[in-house]
Structures are given as structure tokens and as C-alpha cells.
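Each chain is listed here by its residues.
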Amino acid sequence: MAFDYQKKRREPLDYKSAVQKAADYCAYQERSQQQVRDKLYDYGLHSDQVEEALSELIQQGFINEERFAIAYAGGKFRMKGWGRKKIELGLKQHKISAYCIRKGLAEGDPDAYYEKLLRLTEKKIAGTKTDSDYILKGKTTQYLLGRGFEADLVREAIEEILAKD
């Protein structure tokens, strides 16, 4: 039997229960305004109701972009090992303001950031099978740039690790 996509759609919620559900959604973990806005639209609210609900949730302290940016940046760095550039891109996709992005990125410890970069560099170099230093540097650089680390720091970290060996 095929899945009926029409049955999946729920009845739209009234304003009060949609706001309560959104508050519960925000209480579970930090959310961006855009995530909550999308959720409110999913609940069946119209644009004027969505904006009103958002302002209500902001006033009650359920949504705070600065707090979200700090939590997002810290989590992506610690758990996924992302660099600043990739974190910044992720925050931009959440439509976070430039001020909040700067605040979120400023929270990190520069020494811990460089240490993480060195650990990732060591791990990548150890796992890459090649006789050519040129290919080794290229693959490692590409990997670390993909993780969102800055090119000058990547170059420095690779040179430091290769100098040890």
C-alpha cells in the first residue's frame, strides 16, 4: 500500500496553541528565528501571525539570536570540528545578523582552535598514503579548507606537523 501524502498534513493549529508549541520547541534547545519561523508556518499560521508570534517569543526570552550564535558556534567547533569559515556560513544560512555572527565566533578560545586544527592535520597526514610531499600537502590542505579553517592557519599547521616528522 502506497503512503498517502495528503493524510500526512495536519489540521492548522490555532494561534495560541501554535505559540505554545513553538515555545516548547525553543525550550528544548536554542533555535534561530528562521527555524522557529519555518516551524510556525508548518503549524499553519499566516505571515502576520508568524511575525507576531516571533516577537512574543523573543520578548519572553525563548528566542535570542546572540545566544543561538554562541551555542551554534561552540557546538559545531567542539562536536564536528568545524573551522570559523564553515561556522560563519552555517550561521548565515540561519539568517543570523553579522553582529551576532561576530559575537558567536568571538566566544571561541584561539588556542583551543589551533590545537584542534593541529590534531586534525596530524590525523589527516597519518591517514594519507602517498610518497609525494606535494600530494600530501595538497590533500591535507583541501581537507582542512573543507572543514572551514583559514588558509594561512592551515598552511602553518601543515608546516608545523611536517617539521616534527
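Residues numbered from 1 in each chain as written. Predicted model: local features only at pLDDT ≥ 70, side-chain atom pairs only at ≥ 80, totals over all residues. Heavy atoms only, no water.

**Comments concerning the overall build of the protein chain**
The condition is simple: The helix count covers DSSP runs of H or I at least four residues long, the strand count covers runs of E at least two residues long, and both are numbered beginning at the N terminus. Each radius of gyration is computed over the set of C-alpha atoms, and the globule rule expresses the reference value as 2.2 Å times the number of residues to the power 0.38.
When its secondary structure is counted, the protein chain shows 10 helices and 0 strands. Start at the N end of the protein chain and walk to the C end: the helices and strands fall as α-α-α-α-α-α-α-α-α-α. Taking 165 residues into account, the globule formula puts the C-alpha radius of gyration at 15 Å, and the protein chain, at 22 Å, lies well above it. Projected onto its principal axes, the C-alpha coordinates of the protein chain cover approximately 65 × 45 × 20 Å.

**Notes on the packing of aromatic side chains**
Test applied: Any two rings among Phe, Tyr and Trp, with Trp reduced to its six-membered ring, count as a pair given centres within 6.5 Å; such a pair is stacked if its planes are under 30 degrees apart, edge-to-face if over 60, and tilted if neither. Relative accessibility decides the category of a residue: with a 1.4 Å probe and only protein chains considered, values under 20% of the type maximum give buried, values over 50% give exposed, and everything between is partly exposed. Definition used: whenever NZ (Lys) or CZ (Arg) falls within 6 Å of the ring centre and also within 35 degrees of the ring normal, the charge is taken to sit over that ring.
Counted under the stated rule, the structure contains 3 aromatic pairs. Relative to Phe 149, the ring of Tyr 113 lies with its centre 5.2 Å away and its plane at 45°, an arrangement referred to as tilted. Taken together, the residues span a long stretch of sequence, with Tyr 113 in helix H8 (residues 110-127) and Phe 149 in the loop between helix H9 (133-146) and helix H10 (151-164) at a distance of 36 residues. Here Tyr 113 and Phe 149 have matching classes, each one buried. Here the basic side chain of Lys 116 rests over the ring of Phe 77, its NZ or CZ set 5.6 Å away from the ring centre. Seen from the ring of Tyr 143, Lys 124 lies directly overhead, with NZ or CZ sitting 5.1 Å from the centre.

**Brief notes about the environment of Arg 155**
With respect to the helices and strands, the residue Arg 155 is situated in helix H10. The exposed category is assigned to Arg 155, whose relative accessible area is 52%. A C-alpha to C-alpha distance of 8.6 Å links Arg 155 and Lys 137, two positions 18 residues apart in sequence.

**Examining the confidence of the model for the protein chain**
Low-pLDDT portions of the prediction should not be read for the details of their coordinates. To keep things clear, this is the line we draw: Per-residue confidence from the prediction method is given by pLDDT, with values spanning 0 to 100.
With 95% of its residues at a pLDDT of at least 70, the protein chain reaches an overall mean of 91. Per-element averaging of pLDDT across the protein chain places helix H1 (residues 5-8) at the bottom with 53 and helix H6 (residues 84-93) at the top with 96.

**A closer look at the side chain of Lys 116**
The condition that has to hold: His residues and chain termini do not enter the charge count, which takes Lys and Arg as positive and Asp and Glu as negative. Salt bridge, as used here: a side-chain nitrogen of Lys or Arg that lies within 4 Å of a carboxyl oxygen of Asp or Glu. Throughout, a residue-residue contact means that at least one pair of heavy atoms, one from each residue, lies within 4.5 Å.
Within the element layout of this structure, Lys 116 appears in helix H8. Look at Lys 116: it is buried, it has no salt bridge, and the nearest opposite charge is Glu 115 at 11 Å. Discounting chain neighbours no more than four positions away, the residues touching Lys 116 are Phe 77, Arg 78, Gly 81 and Phe 149.

**Some thoughts on the pattern of salt bridges**
Proximity of charged atoms lets side chains of opposite charge pair with each other. Evaluation of the coordinates by the stated rule reveals 6 salt bridges. In this structure, the salt-bridge partner of Glu 159 is Lys 137, at a minimum N-O distance of 3.2 Å. Of this pair, Glu 159 sits in helix H10 while Lys 137 sits in helix H9, and the two are 22 residues apart along the sequence.

**Quick look at H6**
The cut-off we apply is this: To be clear, the arc concerns the directions from the helix axis to the C-beta atoms.
Taken as a whole, H6 has its buried residues at Ile 87, Gly 90 and Leu 91. Seen end-on, H6 carries its buried residues on one side only, within an arc spanning 100°. Residues of H6 that are exposed and point more than 90 degrees away from the buried face comprise Lys 85 and Gln 93. Summarising the contacts, the buried residues of H6 are in contact with helix H5 (65-80) and helix H7 (98-106). Count one or two residues on from H6 and you reach Lys 95, which has phi positive near 60°.

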